[in-house]
Amino acid sequence: MSNFIQVLILGLALGGVLALMGSGLSLVFGVMRIVNLAHPALIIAGAYVAYWAFKLWGVDPIVSLPFAAIILSIVGILLYKLVFEREAKSAKYSEMSVLLTFSVAMCVEGALGSAFTNTQRVTSPGYATDAIFIGDIFIPTGQLYAGLISLGLIALLALVLKFSRFGYAIRATTQNREAAELLGVNVNLVSLASFAIGIALAGAAGTLVSFVFSFFPAKHWEWIAILMSLVVLGGMGSILGTVIAAFLLSVIAAFVGAWIGSTWSTMTFFLALFVILLVRPQGLFGEKPELT
Amino acid sequence: MTDLLQVTGITAGYGDGPSILDGATLTIEPGKVHCIIGPNGAGKSTLLKAICGMLKIREGEVIFKGERLNGLRPDQILRKGICFVPQENALFPKMTVRENLRMGGYILDDKDELERRIDEIMERFPILRERANQHAGNMSGGQQQTLAMARTMIIKPDIVMLDEPSLGLAPKIVQEMFDIMRIMTAEGITILLVEQNALTGLKNADWGVVLDLGRTLFEGPAVDVLSDPRIQELYLGGNKAA
């Protein structure tokens, strides 16, 4: 029984971090219909911010989180203005956005590789290798902190979306862009702000990732499939769905890793992606695609 | 009476495509229900979209209360006092009725005033109070249209433009939509309506506009439009209106 609880806790702790990693991706897709393949690469960029702040000045990654979020949000604004805004009126916007974000991912990876080499890195504050013991059960402190901070940030995002005027504008634009515009929402500004917030979440997730996983510039290729499985299972554009999917798949992956073998653990996400697309392509909270 | 809105010789179309509107002209007087009729492809919906800023006006001009609206964005035109309810999909299906009403007052800065106006609307339309916490997407077609129309009243606009509000509704419900329009005009809101069912639209309107091939063929009191033999023949299915 204690083994079961142990695996469950490890799965939940991982789920919290993945939920934050996927939330920004989901937000950007919901508002702008951009499948941002560069999202994990920008998470890695956030991880490097935390890594160097820790290495050079001894800044705790949790302290550097807001700075990484701000830096990445500025990157997001520049990317939106330089790359996506001019394509927004294109008839093939969705297709173009996949190619553009793929290109951005390659550029970010290249820039990071060139600046920091492809050496594996990990930020190592004291708590990253520590654990809390409750009887036979241990909780890795790093994962616990990362999971709790992720949940806190997601809760903050949910509160903003649910209760603030700007949150109403984001939700309205996500659900019906034309109607939102007709009710006075400046949808272009909402798109820009949502993109910046989405990328800021990538930066925030990066700082947490920096002490939970080892990372290097090309690591994002592994994460994109994992994050896509969360977003697709949750329902494209549904942040709540993404969070639930993150916990669900992380817990399943933890059990697969414990009972079948750790090499099969990551496979859980890829298999889930295949199965969801075959059985329920709209995911848990998405809308059924219309046949045209 | 002073004209509230004047549309003079406008041409407009979608993207880089050909012009759907080809010199359409329209005059809107305050406090009346205006109904635009015409065959499919006449440019009725396009005209509303051009007025509200969703489409770029290529030629001609739209003057509202003496101010030129050409080139303004939809949100800017809304702030001037012109509200547009598109054909279908006017709501946010995963927002509750109350949240949809709040979105109706998005441009209002005073939150307390917004809540007060929402309460007023709910008092006037009890079905919206009953369904206040229900997702808009789960309501019937008639209820959704009621919400879409009632929502426009939150900001107390000068003009509400409705694109086929009766689409897909049962005849009894259609009459309820026209009753709502009369409530709106009683509140000082002017209605500009596009209606595929020309007969029903004109019978409930004060002013009729016949549009064909992107041009205004006739404008006048709705009773005159209804009784014009040529219009009866071409657009009202013979002499059914008589």
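Treat the numbers as computed from the prediction; the structure is a model and nothing was measured.

A short note on the overall build of chain B
- Scanning chain B from N- to C-terminus turns up 10 helices and 10 strands.
- A compact globule built from 242 residues should have a C-alpha radius of gyration of about 18 Å, and chain B, at 18 Å, falls within 12% of that.
- Across its three principal directions, the C-alpha atoms of chain B cover 50 × 40 × 35 Å.
- Long-range contacts, defined here as pairs at least 24 residues apart, represent 68% of the contacts in chain B between residues at least 6 apart.

Re the confidence of the model for chain B
- Residue-level pLDDT values for chain B average 92, and 98% of them are 70 or greater.
- Taking the mean pLDDT of every element in chain B, the minimum, 82, falls on helix H10 (residues 229-235) of chain B and the maximum, 97, on helix H3 (residues 97-104) of chain B.

Let's talk about helix H1 (residues 44-51) of chain B
Residues and elements named next belong to chain B.
- For H1, the tally of buried residues reaches 8 of 8 residues, placing the bulk of the element in the interior.
- Turning to H1, its buried residues are Lys44, Ser45, Thr46, Leu47, Leu48, Lys49, Ala50 and Ile51.
- Directly after H1, the chain includes glycine 53, whose backbone phi takes a positive value near 95°.

Looking at the environment of proline 30 of chain B
Residues and elements named next belong to chain B.
- For proline 30, the position within the fold is in the loop between strand E2 (19-28) and strand E3 (33-37).
- Given 16 C-beta atoms within 10 Å, proline 30 falls into the partly exposed group.
- Sequence separation of proline 30 and glutamate 99 is 69 residues, and the distance between their C-alpha atoms is 30 Å.

Here we look at the sheet that holds strand E10 (residues 215-221) of chain B
Residue and element names in this part refer to chain B.
- Strand order in the open sheet formed by 6 strands is E6-E7-E8-E3-E9-E10, with mixed pairing between adjacent strands. Here the strands that pair on one side only, and so sit at the sheet edges, are strand E6 (82-85) and E10. Strand-to-strand twist in this sheet, taken as the mean axis angle between neighbours without regard to direction, amounts to 15°.
- By the bridge criterion, 4 bridges tie E6 to strand E7 (residues 159-163) in an arrangement that is parallel. Pairing of isoleucine 82 across the sheet is with isoleucine 159, part of E7.
- Its contacts with the sheet place H1 against E3, E6, E7, strand E8 (190-194) and strand E9 (207-212), and it is angled at close to 145° to E7.

Considerations on the pairing of strand E1 (residues 131-134) of chain A
All names here are of chain A.
- Across 4 bridges, the pairing between E1 and strand E2 (residues 137-140) is antiparallel. Its bridge partner being in E2, isoleucine 132 is matched across the sheet by isoleucine 139.
- Counted between consecutive antiparallel strands, the loop separating E1 from E2 contains 2 residues, among which glycine 135 sits at a positive phi close to 65°.

Overview of the domain arrangement of chain B
Residue and element names in this part refer to chain B.
- Each assigned domain of chain B is listed with its residue range as follows: domain 1 (1-81 + 157-166 + 175-181 + 188-242) and domain 2 (87-156).
- Once you take the C-alpha centre of each, domain 1 and domain 2 turn out to be 25 Å apart.
- Each partner contributes to the interface: domain 1 provides 13 residues, whereas domain 2 provides 10 residues.
- Looking at the side of domain 1 that touches domain 2, the elements that each hand over two or more residues are helix H2 (74-80), E7 and helix H7 (171-186).

Describing the interface of chain A and chain B
- Taken together, the contacts link 14 residues of chain A with 19 residues of chain B.
- Breaking the side of chain A that touches chain B down by element, the ones donating at least two residues are helix H6 (165-175) and helix H7 (177-182) of chain A.
- In terms of residues, the side of chain A that touches chain B owes the most to one element, H6 of chain A, which gives 5 residues.
- Per-class residue counts for the side of chain A that touches chain B are 7 nonpolar, 4 polar and 3 charged.

A look at the pairing of strand E1 (residues 5-13) of chain B
Residue and element names in this part refer to chain B.
- As paired strands, E1 and strand E4 (residues 57-64) are joined by 6 bridges and run antiparallel to one another. Bridge pairing links threonine 8 to glutamate 61 in E4.
- Counted between consecutive antiparallel strands, the loop separating E1 from E2 contains 5 residues, among which glycine 15 sits at a positive phi close to 55°.

Some remarks on the sheet that holds E1 of chain B
Residue and element names in this part refer to chain B.
- Spatially, 4 strands are ordered E2-E1-E4-E5 in an open sheet, and the strand pairing comes out antiparallel. The open sheet has two edge strands, E2 and strand E5 (67-68), and neither has a second partner.
- As defined by bridge partners, E4 adjoins E5 across 2 bridges and the pair is classed as antiparallel. By the bridge assignment, phenylalanine 64 is partnered in E5 with glutamate 67.
- Each of E1, E2 and E4 is contacted by H1, which is oriented at about 70° to E2, the strand it contacts most.

The rules behind the values
Residues numbered from 1 in each chain as written. Chains lettered and ligands numbered in written order. Predicted model: local features only at pLDDT ≥ 70, side-chain atom pairs only at ≥ 80, totals over all residues. Helix = DSSP H or I, 4+ residues; strand = E, 2+ residues; numbered from the N terminus. Rg over C-alpha atoms; globule rule 2.2 N^0.38 Å. Contact = placed C-beta atoms within 7 Å. pLDDT = per-residue confidence, 0-100. Buried ≥ 20, exposed ≤ 12 C-beta atoms within 10 Å, placed from the backbone. Pairing = 2+ DSSP bridges. Axes fitted to C-alpha atoms, helices over the stretch in contact; angles between N-to-C directions. Domains from an automatic or database assignment. Nonpolar A, V, L, I, M, F, W, Y, C, P; charged D, E, K, R; others polar.

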